[in-house]
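Structural overview
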Amino acid sequence: MKQNVYTGVLETLSPVFIGNGGEYSPTMDFIEEDGAIAFLNEKKVIEGMPESELEEFLSYLKIKQQNDPSSLREFFKRVKIPYEPFVSRRVSKKGIVRSTEVKSHLKTKGKFPIVPGSTLKGAFRTALLEAHDIYKREAVRQKSFTGSDVECPFLGFSDTDPGLEEDLCIFVCRRWHVKKENRLPLIFEAIQPGMKYLMKMTFEPERGEIVSGKRLFNSIEEIIKAVKSFTKKNVQREVAFMKKHKTEEIQKVTLFYHELIKEMEGLKENEAIFRIGMGKTFWDNTILKEEDWALYQNTFGKVKPRKDIFPITRTLTFNGSFYEWPLGWVKLTIQPPEELTARIRKRFQERQQQDEERNREEREEEKRQKEEELRRQQEQEMLKKMTDFEKELYLMENEKQAEEQERLAGELFKKLDSFNEEHQKKAAESLKKVYEQAEKWSGAQSKKQKAKVETIKKILE
């Protein structure tokens, strides 16, 4: 069976959030900064924190499991340790997060955002089913609209190619309510507007039916046209809704929808705008016809929704003063110009090379730290077997700080007269070695240093 494969570019027109089921906690995972959220690497904290403070940090984590309200910032401030060395990544933010959990966007390797193919297909499937009115009113009454036909087996979507870390932003959102104010924040790690991702779309013309025996889609252009029609109706409904309930705080959102309509009017045959992820309303997700509203109302109890104010809430980004964006709007371009796809690939490949170099450096640093830790352990074992005199010579010879080494050498020189002949000679040899390394054995010397060298030479004669 022939399958047509198309390259596509998905562009975000507003913030897009596709959750992975996880969330970040201000008491466990991140610290809020000016304009950004700093995510900490717990492994780095445990490995890099001084031992005395580490025990307190582990106690802090245990307390967090009991819903203690204090934050990571407060902990680091209390123990007087900078948190910056433990930061694994920073994400820009819009709005004030405070003590609210941040819901995590779907990512590959824990940092590169993607949009899953299942999300894209779900949006298309709803539009295609609604466009051809295949459902039965009796099925709506019985809530039994099921079957393999609704899966649209003729259509397939890949996940998008991964984006970059900086494509993400932390957005503070609220559920805007038609009748009352809602101050409860919703915080999402979402893809910013204006990001472009590559993906693949497949279409099998011979399977282009939804109802058995009746082919409804003969080309990808017909599918795109159906999606456009579905989106246009929903956007027009949203514009009318915003106009009716117009307030100053949603003025920017209303403007976004007016601009969206203008962009939709200029779309080419291979372009479609639609909605995905968090923020979709009832009408974005349903194939219910408006003429069947009474049937839908009957599924409720005594309090039935009013069509003119339904749905009564919208999830919008909030900048602290007014609402800015609705969520989830994207544009798909099928078979885009080659220069556009090449530019998108190059952007990711360049960053991938940078990440590989950074990862290589991190691996080398990790290797160096492990080798240094092993050296310290071996050194400690060796020191345990040494006498106090041997230990004093070893520590002086191997001290890395010049000032501290000079201090240790001075202390040892003062003890020369107290040593027996054997120890005195070994100490003199050790002092000579240290002074030669420090370039204080010969050449220009202070009077005091010259006297030390003469004394050591007499011992070594």
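Residues numbered from 1 in each chain as written. Predicted model: local features only at pLDDT ≥ 70, side-chain atom pairs only at ≥ 80, totals over all residues. Heavy atoms only, no water.

It is worth spelling out the overall build of the protein chain at this point. Helix and strand counts for the protein chain stand at 14 helices and 18 strands. Per-residue burial over the protein chain gives 45% buried out of 461 residues. For the protein chain, restricting intrachain contacts to residue pairs at least 6 apart in sequence, the fraction spanning at least 24 positions comes to 76%. Taken as a whole, the protein chain presents about 26,400 Å² of accessible surface, with 48% of it coming from carbon and sulfur. (Helix = DSSP H or I, 4+ residues; strand = E, 2+ residues; numbered from the N terminus. Buried < 20%, exposed > 50% of the residue type's maximum accessible area, 1.4 Å probe, protein only. Contact = heavy atoms within 4.5 Å. Areas by Shrake-Rupley, 256 points an atom, 1.4 Å probe, with all protein chains shown as cover.)

We now examine unusual backbone geometry. At Lys-80, a position not held by glycine, the phi torsion is positive, near 60 degrees. For Gln-335, which is not glycine, the phi torsion reads 50 degrees and is therefore positive. Mapped onto the elements of the fold, Gln-335 is located in the loop between strand E18 (329-334) and helix H10 (338-385).

With that out of the way, let us pick up the packing of helix H12 (residues 402-414) against helix H13 (residues 421-437). Interaxial distance between H12 and H13 falls to 11 Å at its minimum, and their mutual angle equals 150 degrees. Judged by the angle between their axes, H12 and H13 are roughly antiparallel. The hand of the H12/H13 crossing is left-handed. The segment H12 lies against H13, with Gln-405, Ala-409, Leu-412 and Phe-413 engaging Ala-427, Leu-431, Val-434, Tyr-435 and Gln-437. (Axes fitted to C-alpha atoms, helices over the stretch in contact; angles between N-to-C directions. Parallel < 35°, antiparallel > 145°, perpendicular 65-115°, else oblique. Left-handed = near helix turned anticlockwise from the far one by under 90°.)

Before going further, it helps to examine the confidence of the model for the protein chain. Here the protein chain averages 84 in pLDDT, while 88% of its residues score no lower than 70. Note that pLDDT drops below 50 for residues 135-149; the model gives that stretch 22 contacts with residues more than four away or on any other chain. (pLDDT = per-residue confidence, 0-100.)

For the rest of this paragraph, the subject is the pairing of strand E17 (residues 323-326). Of the pairings in the sheet, the one linking strand E16 (residues 313-318) to E17 comprises 2 bridges and is antiparallel in character. Each bridged residue has a counterpart across the sheet, and for Phe-318 the counterpart in E17 is Tyr-323. The antiparallel hairpin formed by E16 and E17 contains 4 residues in its connecting segment, where Gly-320 sits at a positive phi of about 110 degrees. (Pairing = 2+ DSSP bridges.)

If you walk through the whole model with that rule in mind, you get 17 aromatic pairs. Grouping aromatic residues by their ring pairs yields a cluster made of Phe-75, Phe-76, Tyr-83 and Phe-86. The side chain of Arg-237 reaches across the aromatic face of Trp-283, ending 4.1 Å from its centre. Over the ring of Phe-413 we find Lys-452, and its NZ or CZ is 5.8 Å from the ring centre. (Phe/Tyr/Trp six-rings, centres within 6.5 Å; stacked < 30°, edge-to-face > 60°. Lys NZ or Arg CZ within 6 Å of the ring centre and 35° of its normal.)

Counting 44 residues, the largest nonpolar core has Phe-124, Leu-155, Met-201, Ile-223, Phe-274, Ile-276 and Leu-332 as the members making the most contacts within it. Tallying contributions element by element places helix H6 (residues 220-244) first for this core, with 6 residues. Beyond its immediate sequence surroundings of up to four residues, Leu-155 is in contact with Lys-121, Phe-124, Leu-128, Met-201, Thr-202, Phe-203 and Ile-223. Counting 19 residues, the second-largest nonpolar core is a separate cluster that includes Trp-176, Met-264, Tyr-323 and Trp-329. (Core = buried A, V, L, I, M, F, W, Y, C linked by side-chain atoms within 4.5 Å.)

With that settled, consider the sheet that holds strand E1 (residues 4-12). Pairing in this open sheet of 5 strands is antiparallel, and the strands run E9-E12-E1-E18-E15 from one edge to the other. Each of the sheet's edge strands pairs with one partner strand only, and the pair in question is strand E9 (155-157) and strand E15 (271-275). The mean inter-strand angle of the sheet, taken between neighbouring strand axes irrespective of direction, is 30 degrees. Pairing analysis gives 3 bridges linking E9 to strand E12 (residues 196-203), with the strands arranged antiparallel. Its bridge partner being in E12, Leu-155 is matched across the sheet by Phe-203. Most of the contacts of H10 go to E12, to which it runs at about 125 degrees, and overall it touches E1 and E12.

What follows covers the pairing of E16. Across the 6 residues that make up E16, a large majority, 5, are buried. For strand E10 (residues 168-177) and E16, the ladder comprises 5 bridges, and the chain directions are antiparallel. Across the sheet, Arg-175 pairs through a bridge with Thr-315, a residue of E16.

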